[in-house]
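Descriptive structure summary
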Amino acid sequence: MIDHISIRDFAIIDNVEVDFSEGLSIITGETGSGKSILVTAISLALGSRADSSYVRNGKEKAVVELTATLENDGECEEIVISREVNSSGKNLCKLNGEIVTLAQLSAKCKDIADIHGQYDNQSLIDSDTHIDIVDGYHSQIISPIKKDYFDKYQSYIRSKRNLEELLSLESENARKLDYYRYELREIENADMLPGEDEELRNRLSVLQNSEKIYASAKTAYENVNGDGNNISGAFYALGNAVDSLEEIEGFSSEIRSIFEESRDIYYRLEDVSLSMSKIMDSLTYDPGEIDSIIERLNQLDSLKKKYGGRDGSIEAVIEYRDKISKELDKIENFDEERKNLELEYRSNLKAALEKGKLLTDARKESADELGKKILSELKDLSFDDADLRIELTPLGDEPGENGMERAEILITTNIGEPLKPLAKTSSGGEISRIMLAIKNITASYDNVPTLIFDEIDQGISGRTAAIVGKKLKEISENHQVICITHLPQIAARGDTGYRIFKESDSSKTYTHIERLDKESQVVEIARLLGGENITDTAMENAKELILQMK
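First things first, this report covers the structure right here in the doc.

Reading the values: the criteria
Residues numbered from 1 in each chain as written. Predicted model: local features only at pLDDT ≥ 70, side-chain atom pairs only at ≥ 80, totals over all residues. Heavy atoms only, no water. 1 Å grid on protein atoms, 1.4 Å probe; cavity = no way out; pocket = protein on both sides within 12 Å on 5 of 7 lines; lining within 4 Å. Points joined across faces, edges and corners; volume = space filled by probe spheres on them. Helix = DSSP H or I, 4+ residues; strand = E, 2+ residues; numbered from the N terminus. Nonpolar A, V, L, I, M, F, W, Y, C, P; charged D, E, K, R; others polar. Core = buried A, V, L, I, M, F, W, Y, C linked by side-chain atoms within 4.5 Å. Buried < 20%, exposed > 50% of the residue type's maximum accessible area, 1.4 Å probe, protein only. Contact = heavy atoms within 4.5 Å. Expected span 1.5 Å × (residues − 1). Pairing = 2+ DSSP bridges. Axes fitted to C-alpha atoms, helices over the stretch in contact; angles between N-to-C directions. Phe/Tyr/Trp six-rings, centres within 6.5 Å; stacked < 30°, edge-to-face > 60°. Salt bridge = Lys/Arg side-chain N within 4 Å of Asp/Glu carboxyl O.

Remark: the empty space left among the atoms is shown by a probe the size of a water molecule rolled over them. Throughout the structure, instances matching the rule amount to 2 cavities of 30 Å³ or more. What the largest cavity holds in volume is close to 70 Å³. Along the walls of the largest cavity sit Ile26, Thr28, Ala491, Gly497, Tyr498, Leu516, Gln521, Glu524, Ile525 and Leu528, which together make up its complete lining. Within the residue set of the lining of the largest cavity, elements represented by two or more residues are β3 (24-29), β14 (496-504) and α16 (518-530). Among the elements that line the lining of the largest cavity, the one with the most residues is α16, at 4 residues. Its residues placed into classes, the lining of the largest cavity shows 6 nonpolar, 3 polar and 1 charged. Empty space within the second largest cavity amounts to approximately 50 Å³.

Nonpolar side chains tend toward joint burial in soluble globular proteins. Judged by nonpolar contacts, the single largest core of 53 residues is most densely connected at Leu378, Met435, Phe453 and Leu472. In terms of residue count, helix α13 (residues 428-442) provides more of this core than any other element does, 7 residues in total. Ignoring anything within four residues of it in the chain, the contact list for phenylalanine 453 reads His116, Ser432, Met435, Leu436, Leu472, Val481, Ile482, Cys483 and Ile484. In terms of nonpolar packing, the next biggest core, distinct from the first, is built from 41 residues, Tyr54, Leu70, Ile115 and Tyr498 among them.

Assignment of secondary structure puts glutamate 60 in the loop between α1 (35-45) and β4 (61-72). Taking the relative accessible area as the measure of exposure, glutamate 60 reaches 65% and is therefore exposed. Note: C-alpha distance between glutamate 60 and aspartate 9 (51 residues apart in sequence) is 8.6 Å. Glutamate 60 has contacts with Val55, Val85, Asn86 and Ser87, leaving out every residue within four places of it along the chain.

Glancing now at α16. Over its 13 residues, α16 extends 19 Å from the first C-alpha to the last, a length consistent with the 18 Å expected when each residue adds 1.5 Å. Of the positions making up α16, those classed as buried are Gln521, Val522, Glu524, Ile525, Ala526, Arg527 and Leu528. Tucked into the core, α16 has its buried residues touching β3, α15 (488-491), β14, β15 (509-516) and α17 (536-549). Once α16 finishes, glycine 531 follows within two positions and takes phi at roughly 90°, a positive value.

This part is about the sheet that holds strand β8 (residues 113-116). Strands in a sheet are paired, the pairing made by backbone hydrogen bonds, and the direction either parallel or antiparallel. Overall, mixed pairing links the 6 strands, which are arranged β8-β12-β13-β3-β14-β15 in an open sheet. Because the sheet does not close on itself, it has two edges, and the strands there are β8 and β15. Going from strand to strand, the sheet's axes swing by 15° on average, the running direction of each strand aside. Strand direction decides the pairing type here: β14 and β15, joined by 8 bridges, are antiparallel. Across the sheet, the residue bridging to glycine 497 is leucine 516, located in β15. Lying on the sheet, α16 is in contact with β3, β14 and β15; it crosses β3 at an angle near 50°.

One pass over the structure, following the stated rule, counts 9 aromatic pairs. Seen in terms of ring centroids, tyrosine 156 and tyrosine 345 are 5.8 Å apart; in terms of plane orientation they differ by 35°. Their pairing is tilted. Residue tyrosine 156 is found in helix α4 (residues 139-168), and its partner tyrosine 345 is found in helix α12 (residues 334-380); the two are separated by 189 residues along the sequence. Tyrosine 345 sits in the buried class, given a relative accessible area of 17%. A connected cluster of aromatic rings, assembled from ring pairs, spans Tyr149, Phe150, Tyr153, Tyr156 and Tyr345.

Time to look at the pattern of salt bridges. Across all of its chains, the model carries 29 salt bridges by this definition. For the salt bridge of lysine 147 with aspartate 151, the shortest nitrogen-to-oxygen distance reads 3.5 Å. With lysine 147 and aspartate 151 both in helix α4 and 4 residues apart, the pair spans about one turn of that helix. Given a relative accessible area of 35%, aspartate 151 falls into the partly exposed group. Between glutamate 186 and lysine 306 there is a salt bridge, with the nearest N and O atoms lying 2.9 Å from each other. One end of the pair, glutamate 186, is in helix α5 (residues 170-190); the other, lysine 306, is in helix α10 (residues 287-307), and 120 residues separate them in sequence. Given the relative accessible area of 22%, glutamate 186 is considered partly exposed. By relative accessible area, lysine 306 is classed as partly exposed at 44%. Residues joined by salt bridges that share partners form a network here, namely Asp135, Lys146, Arg363 and Glu405.

A two-sided burial pattern is seen for β8, the buried positions comprising Ala113 and Ile115 on one face and Asp114 and His116 on the other. For β8 and strand β12 (residues 450-453), the ladder comprises 4 bridges, and the chain directions are parallel. Note that in β12 the partner of isoleucine 115 across the bridge is isoleucine 452.

Pasting the structure below:
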């Protein structure tokens, strides 16, 4: 619901702030006092187009700030909206303190309020919303059918996309077939192994430096084992040290620790000695092996450049090989895969159409009943010559995301006139009352918390006015309703009253809005009944009318 609005330098409004309440809020005031300007300001805050003419004469910018509360799954979200309109035509939109585009603001605000009058954000006039109105009316029946349909529709879309992607490749398949076969043959003939290039480089490095490696390894080996007699080697000396320590290791834990560590070093040194011996034994200078390794590395590097991508590794080449192998399978089995996808596509299309037919039938029944009910509401609101139909128009031979048809409410209010869309209903007052008739039915299942009605009483009086007031009151039991009126029969139904009035000084006119207490509400209704000259009789009539309307 809308909690608060602040308006500065907007049209003839200097600085006005209004706190709104739940239930039915009634706004009254003399003709020309600025009642519709308030609705225009709310409309601007909720995302309507800005106009530099909104800026108060002599000011640089107009500012409208609105605070609202949205309830979603039991949690409340506070929304703060700010619109600034500059006299140069530029405007600024903010949502919760962050600058947003007008499109972003409008998308968020469609969940806050519907404004019914001569304004541009009336969701019910938008025919794109009419299918949701039809679905919501019989939601218990339609919702499960709609869910089943959407599941089938998604399967249909997936199979259609897969088939189209396959068919789009058909013209390229012949060219790709030979190309992929050549690439795959080249990679497979190389018989690459992950990490092979690194192992080969290590082996090449050893072979190319075999003389130096042998000499250094031999020197190290002799330093450990001696030069033909073990007496001069480190291994022999360390063995003697271990033997000596073993004789005394039982005398203290410290000596035992030194002995055990020395023994471990002795065994490790023995392992090192054996490893050095193996290195020397394995070293043979073979120019043929070197040439073979260099040739293999060149082959691997060539393949990595061609097929390794940015990574340039053997693993990337293998990954590419697997990829083109799958592509080849697709191409070579194209006819079979196309046949399978066509069968899947036709099956999913048939299933979607069958569910779509069920959805269409349910919608036809809902649209028929809802249309009759809205028409009955219109008769109550003095549209005696009105006719109304909710028309379902097929979208074509293929299913759409939201079903097989679109819905549009068509209406005429005069005998002999053809049915036409709601958006082409010219009178603002008529539109508001038509919206009231629709909302009196749909309000129980729609998700818009606030309804604003302007000019709803245009061209009505007496009994019809009383019925309009009654229906507004009924809607306000589940929604916040803000209504601008000059009829006492409607004003008497209000839970909260506001009066808009003008004051002027020698140079400017100012619009003010005041919240009415109970006594002031009686006075205002008496003014609506008898004019500015409020008599005791008018006051008594006002009190009686309020009692009747309650």
